[in-house]
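Structure assessment
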Amino acid sequence: MNSKQYHIISGKKDGYRLDSRILEEQIQEAVAQGHRYLEIEAFGQHGIGGRLWKAGDQTVHIRIQGYSGQRMGSFGFPNTFIEVMGNASDDVGWLNGGARIVVHGHAGNGVANAMAQGKIYVSGNIGARGMTMTKSNPRFDPPELWVLGSVGDYFGEFMAGGIAVVCGFEAQTPDNILGHRPLVGMVGGKVFFRGPHGGFSHADAKLLPINDEDWDWLFKNLEIYLDRIGRLELFKEFADPNQWQILTARTPQEKGARTMRSLKSFHEDVWNKELGKGGLIGDLIDIDMSPVPLITTDELRRFVPVWENRKYTAPCEAMCPTGIPVQERWRMIREGRIDEAVDLALAYTPFPATVCGYLCPNFCMQACTRQSASMAPIDVTMLGKASIQAKLPELPEETGKKIAVIGGGPAGISVAWQLRRQGHDAVVYDMSQSLGGKIVSVIPDSRIPKEVISAELERIQKVIPHVRLRQKLGKEDIDRLREDYDFIVIAIGLEKAGTLDVPGKERMLTALDFLAMSKEDQIKPGNRVVVIGAGNVGCDVATEAYRLGAKEVILLARSHSAAFGKEREEAEALGAKFRWPCYTQEITKEGVKLTTGEVIPADTVVVAIGGDKPDLEFLPPDVVIERSFIHVNQNYQTTDPQIFAIGDVVKPGILTDAIGAGRKAAQAITDLLQGKRAQVETRKMIDRKRIALEYFDPRVTDFDDIDHCASQCSSCGVCRDCGICVAICPQAAISRREKEEGVFEYGVDEKKCIGCGFCTAACPCGIWDLVENEPLV
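The following refers to the structure shown. The structure displayed is predicted, hence computed values, not measured ones. (Residues numbered from 1 in each chain as written. Predicted model: local features only at pLDDT ≥ 70, side-chain atom pairs only at ≥ 80, totals over all residues. Heavy atoms only, no water.)

1. Quick word on the overall build of the chain
- For the chain, the count of helices and strands is 22 helices and 32 strands.
- What you see for the chain is a C-alpha radius of gyration of 35 Å, clearly larger than the 28 Å of a compact globule of 777 residues, by over 25%.
- Once the C-alpha set of the chain is aligned to its principal axes, its extents read approximately 100 × 80 × 50 Å.
- Buried residues in the chain amount to 50% of all 777 residues.
- Long-range contacts, defined here as pairs at least 24 residues apart, represent 62% of the contacts in the chain between residues at least 6 apart.
- Put simply, the chain shows about 38,500 Å² of open surface, and 50% of that area lies on carbon and sulfur atoms. (Helix = DSSP H or I, 4+ residues; strand = E, 2+ residues; numbered from the N terminus. Rg over C-alpha atoms; globule rule 2.2 N^0.38 Å. Buried < 20%, exposed > 50% of the residue type's maximum accessible area, 1.4 Å probe, protein only. Contact = heavy atoms within 4.5 Å. Areas by Shrake-Rupley, 256 points an atom, 1.4 Å probe, with all protein chains shown as cover.)

2. Quick look at the packing of helix α12 (residues 410-421) against helix α14 (residues 450-463)
- Where α12 meets α14, the axes come as close as 10 Å, and the angle between the chain directions of the two elements is 45°. On the basis of their axis angle, the class for α12 and α14 is oblique. The two elements α12 and α14 meet at a crossing, and its hand is left-handed. Contacts between α12 and α14 involve Ile-413, Trp-417 and Arg-420 from the former and Leu-457, Arg-459, Ile-460 and Val-463 from the latter.
- Here the contact of α12 with α14 is composed, by residue class, of five nonpolar, no polar and two charged. (Axes fitted to C-alpha atoms, helices over the stretch in contact; angles between N-to-C directions. Parallel < 35°, antiparallel > 145°, perpendicular 65-115°, else oblique. Left-handed = near helix turned anticlockwise from the far one by under 90°. Nonpolar A, V, L, I, M, F, W, Y, C, P; charged D, E, K, R; others polar.)

3. Digging into a nonpolar patch on the surface
- Taken together, the side chains of Leu-263, Phe-266, Val-270, Trp-271, Leu-275, Leu-280, Ile-281, Leu-284 and Ile-285 define a hydrophobic patch exposed on the protein surface, amounting to about 890 Å² of accessible area.
- Note that Leu-263 resides in helix α5 (residues 263-275).
- Judged by its relative accessible area of 67%, Leu-263 is exposed. (Patch = residues over 30% accessible without salt bridge, like charges linked within 9 Å, V, L, I, M, F, W, Y side chains within 5 Å. Salt bridge = Lys/Arg side-chain N within 4 Å of Asp/Glu carboxyl O.)

4. Observations concerning unusual backbone geometry
- Pro-581 follows Trp-580 through a cis peptide bond whose omega is -5°.
- Within the fold, Pro-581 resides in the loop between β22 (577-579) and β23 (584-587).
- Look at Phe-75: it is not a glycine, yet its phi comes out positive at around 55°.
- If you trace the backbone, Phe-75 turns up in the loop between β5 (60-67) and β6 (80-84).
- Here Phe-75 falls in the partly exposed class, since its relative accessible area comes to 34%.
- Positive phi outside glycine occurs at Tyr-154, with the angle close to 60°.
- Assignment of secondary structure puts Tyr-154 in the loop between β9 (144-147) and β10 (160-166).

5. Examining helix α7 (residues 326-334)
- Most of α7 sits inside the fold, with eight of its nine residues counted as buried.
- What α7 keeps buried is the set Val-326, Gln-327, Glu-328, Arg-329, Trp-330, Arg-331, Met-332 and Ile-333.

6. Section: the sheet that holds β22
- Strand order in this open sheet of five strands is β19-β26-β20-β21-β22, and the pairing throughout is parallel. Either end of the sheet is taken by a strand with one partner, and the two such strands are β19 (508-510) and β22. Put simply, the sheet's adjacent strands are angled 25° from each other on average, direction ignored.
- Relative to β22, strand β21 (residues 552-556) is paired through three bridges, and the arrangement is parallel. (Pairing = 2+ DSSP bridges.)

This is how it looks when you write it as structure tokens:
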């Protein structure tokens, strides 16, 4: 085959290695386009050559140059022929379903692991656990593995079908070509080998002479194998039946005929015979050494089950910067308390619909335990959008304490909201014409409906009636606020936009300015827009530019794009292009000039590189500033005990970071007003391994409504009151106990419990834990 007939796909792009997933997508796309001869320049990518079903019955030839990663040819289809022009990594042909694979070199561990069909030809040695857990369907030809040299340890472990041929030529271990402990658990298949071996599992396999039928098969296929690996000159040397031996699995009848030694027999005939009666300390003791016919309970148990309901936070709650107990809301919905589930969000955020439903990257979903089993995470955005119906919370009587909040964005609104919920009077000062900060002034309308923001701001203003807009404060104003208020909270945004110090920078717009103008339709970007910076803010600029009529938007990054989630998806869907690495040298009339000399044409240039900073000139000198941001302790208190700071003024972050900081700062202020020490939340996140996801259907990938979502939540760390532990306990030692006001708990009868741990293993929510019992005194 002439190399020009091969369609070449490189595992690198622009000098960077492609992810395995990306390379596989390119291979699949090439096959879908009709290419049947592919040459892959590999750089350690995994899974090359597997699952090429799009070619139908047509043969796909894959030639791999370079370094193929693990699982090369895994899930291989019968239409696939793979040729590796060198050594191969681990798990070659894993779960192979029919592909023919040739390795012109050595292969690593796990070759042909769980292989069901196909052939693998290796022209060198292979590592440990080759040909393990193979199987064979009598409707098809058995899977085959051919090795020119030797195989590693545990070869053929749990082999249930197939044929292996080990030639022993230039073997890595010439004195033992089958490695240590081969064929343990073998129940089917055959192994032809040529050369010395160091033993095998006689309990599972047996050595037989080669009969005529076996030799005819080996003789015919040996020539084919040697031709495939380019070593046909060895055929004459190998074509001697006297050099070969064959191992096959013992039948169940043969295995069942073996006598089993009893524990008593071993103790008397082996243990005591070797060590003497009583073992190593037999001369020092005189006690009954016979087995104790007792299953221990009570204080004799080594382990005891403990019901740890609500001891740990669920991963969704732990990862939510706002701290919303998402799993608790799903529990309420399962109990039919939908209104309460919706309203609960207002205890944690004044923006449950705006943020949770539309703007949040949903760290709770990213942390969902279901994803550890490759299951779809529960869709919290459904519950977030439903929260637009949340009812205004009942507010307590005012305590007479007053707090000034400087900044009317998400952080300032959050802390004022929480302070009023705790009975304090919060007064918000802001320079803008309206409340809401960047949610109102910058975030594109395409991200969230206007009516959602309006409805939530209307609800907020009922809770926070005291708002002073268009108020720019100076140092003398802070001194006055100190006298008039019990505490001050600084919650301003990042007013000094980051920019690039390059010639022509005056031709650039900052991302915040562009988004603010686009929000009011006060800018016409032209046909070509270049965004310097390819993060999520840059993607917002791109979507707005397209909305305003741009035909082409290019986002430039120094290393790679930091954008993710909805923002990037929406920008790419509109046609935005990402380029990196790109370094800006100058902004000209024509566009952006790179350090390479290339000029990217642009009618509008927007810089979105981050580095935005707050304007802190109004702060008193006793408030410490570090690297342009306010220094705070773990409770968001500054070096001035009367002043707190939250949100971007402390550390730039996302909306939920600001909202969560507002809630925590409000609680710290309330603690101090009550004469208590400010508390820090210390509950740890539950170990996901404690959750039993086997109760849920992994085929569910979409959710119909919030009731469906609630039913699929595993309720990590919070008891679902399912009673599985009661039903599964073999000793009937667990019971459900009612407490006051509908509260329940599950308890253990220590006189019955044997510490078996069934409750721990069966609990869907990870509530039960098995811990060591207290030692006997």
